[in-house]
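Per-entry structural report
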Amino acid sequence: MFEQSVAGEVGRDHRHVFPRAVRFADIDSLGHVNNVRFLDYLEDARLAMFHADPHREGLARFQGLVIARHEIDYRRPLTFRLDPVRVESWVTEIRTARFTLAYEIRDDDEIFVRAGSVLVAYDVERASPRRLNPDELAYLRRFTTGG
């Protein structure tokens, strides 16, 4: 499913870029970042993309997003390093109540992980999906080829 999403990559100017330190605690007994820890990397990037960055720009933060699906392709082992990797994220599909993100965890030379997530706009009080509002849609479009 997400291989097609990644195939429709957007240029670097339409990607959200989040530098993520590789922590010693991320490393498993085989000497590389444990597979499950990559979900933390994706989560940290999403928190920056949908909460911290909009707040810094004076925009409303996204409210009530839930993950409906993750898919991860592990391409290369990531070992402990002093320099951070980049979690680059972009939007591949937008629907009325959900959208799909594609990600790469990479440095200048290697792609360690390609991943995708389906996120659903969620009304916490009603405990049900909701429509994305016009501000959210405009923000998401910044990270597509349509800009």
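Here, the structure is the one placed above.
I will try to describe carefully the structure that is included in this document. All of these numbers come straight from a predicted model, not from anything done at the bench. (Residues numbered from 1 in each chain as written. Predicted model: local features only at pLDDT ≥ 70, side-chain atom pairs only at ≥ 80, totals over all residues. Heavy atoms only, no water.)

Our focus in this paragraph is the packing of aromatic side chains. This structure, assessed with the given rule, holds 9 aromatic pairs. For the cation-ring pair, arginine 15 lies above tryptophan 90, with the distance from its terminal atom to the ring centre recorded as 3.8 Å. Positioned above the aromatic ring of tyrosine 41, the side-chain terminus of arginine 20 is 4.0 Å from the ring centre. (Phe/Tyr/Trp six-rings, centres within 6.5 Å; stacked < 30°, edge-to-face > 60°. Lys NZ or Arg CZ within 6 Å of the ring centre and 35° of its normal.)

A separate point is helix H2 (residues 37-56). Between its first and last C-alpha, H2 extends 27 Å over 20 residues, near the 28 Å set by a 1.5 Å rise per residue. The principal kink in H2, of about 40°, is found at alanine 48. Check the buried side of H2 and you find it contacts strand E1 (16-20), strand E2 (65-74), strand E3 (85-94), strand E4 (98-106), strand E5 (111-123) and helix H3 (134-141). Positive phi shows up at glycine 58, right after H2, with a value of about 80°. (Helix = DSSP H or I, 4+ residues; strand = E, 2+ residues; numbered from the N terminus. Expected span 1.5 Å × (residues − 1). Bend = angle between axes of the 7 residues up to and from the residue. Contact = heavy atoms within 4.5 Å.)

Okay, the pairing of E4 next. The element E4 is extensively covered by neighbouring structure, given that 8 of its 9 residues are classed as buried. The pairing of E3 with E4 spans 8 bridges and is classified as antiparallel. Among the inter-strand pairings, valine 87 is bridged to a residue of E4, identified as isoleucine 105. The turn linking E3 back onto E4 is made up of 3 residues. (Buried < 20%, exposed > 50% of the residue type's maximum accessible area, 1.4 Å probe, protein only. Pairing = 2+ DSSP bridges.)

The next point concerns H3. By the burial criterion, the buried members of H3 are Glu136, Leu137, Tyr139 and Leu140. Down the axis of H3, the buried side of the element spans an arc of 165°, and every buried residue falls inside it. Turned more than 90 degrees off the buried face of H3, the exposed positions are Pro134 and Asp135. Residues of H3 that are buried sit in contact with H2, E3 and E4. Put simply, asparagine 133 is the residue that caps the front of H3, since its side-chain oxygen is 3.0 Å from the backbone nitrogen of aspartate 135. (Arc of directions from axis to C-beta. Polar contact = N/O pair within 3.5 Å; in protein donor to acceptor, adjacent residues only side chain to side chain.)

What follows deals with the environment of arginine 106. Positionally, arginine 106 belongs in strand E4. It is 7.8 Å that separates the C-alpha atoms of arginine 106 and glutamate 88, two residues lying 18 residues apart in sequence. Sequence-distant contacts of arginine 106, defined by excluding residues within four places in its chain, comprise Arg12, Val85, Arg86, Glu88, Ile111 and Phe112. A polar side-chain atom of arginine 106 sits 2.8 Å from a polar atom in the side chain of glutamate 104.

This part is about the pattern of salt bridges. Applying the stated criterion across every chain yields a total of 19 salt bridges. Two residues, arginine 81 and aspartate 107, come together in a salt bridge whose shortest N-O distance is 2.8 Å. Linking arginine 81 in the loop between E2 and E3 with aspartate 107 in the loop between E4 and E5, this pair joins segments that are 26 residues apart in sequence. Look at arginine 81 and you get partly exposed, because its relative accessible area is 22%. Overall, aspartate 107 belongs to the buried group, its relative accessible area being 13%. Residue glutamate 104 is joined to arginine 106 by a salt bridge in which the shortest nitrogen-to-oxygen separation is 2.8 Å. (Salt bridge = Lys/Arg side-chain N within 4 Å of Asp/Glu carboxyl O.)

If you look at soluble globular proteins, the nonpolar side chains tend to sit buried side by side. Ranked by size, the top nonpolar core spans 30 residues in total, and within it Tyr41, Phe50, Leu78, Val87, Leu101 and Ile105 carry the most contacts. For this core, the secondary-structure elements that each account for two or more residues are H2, E3, E4, E5 and H3. Ranked by residues supplied to this core, first place goes to H2 with 7 residues. Every residue in contact with leucine 78, bar those within four places of it in the chain, is listed here: Val22, His32, Val33, Phe38, Tyr41, Val85 and Phe112. (Core = buried A, V, L, I, M, F, W, Y, C linked by side-chain atoms within 4.5 Å.)

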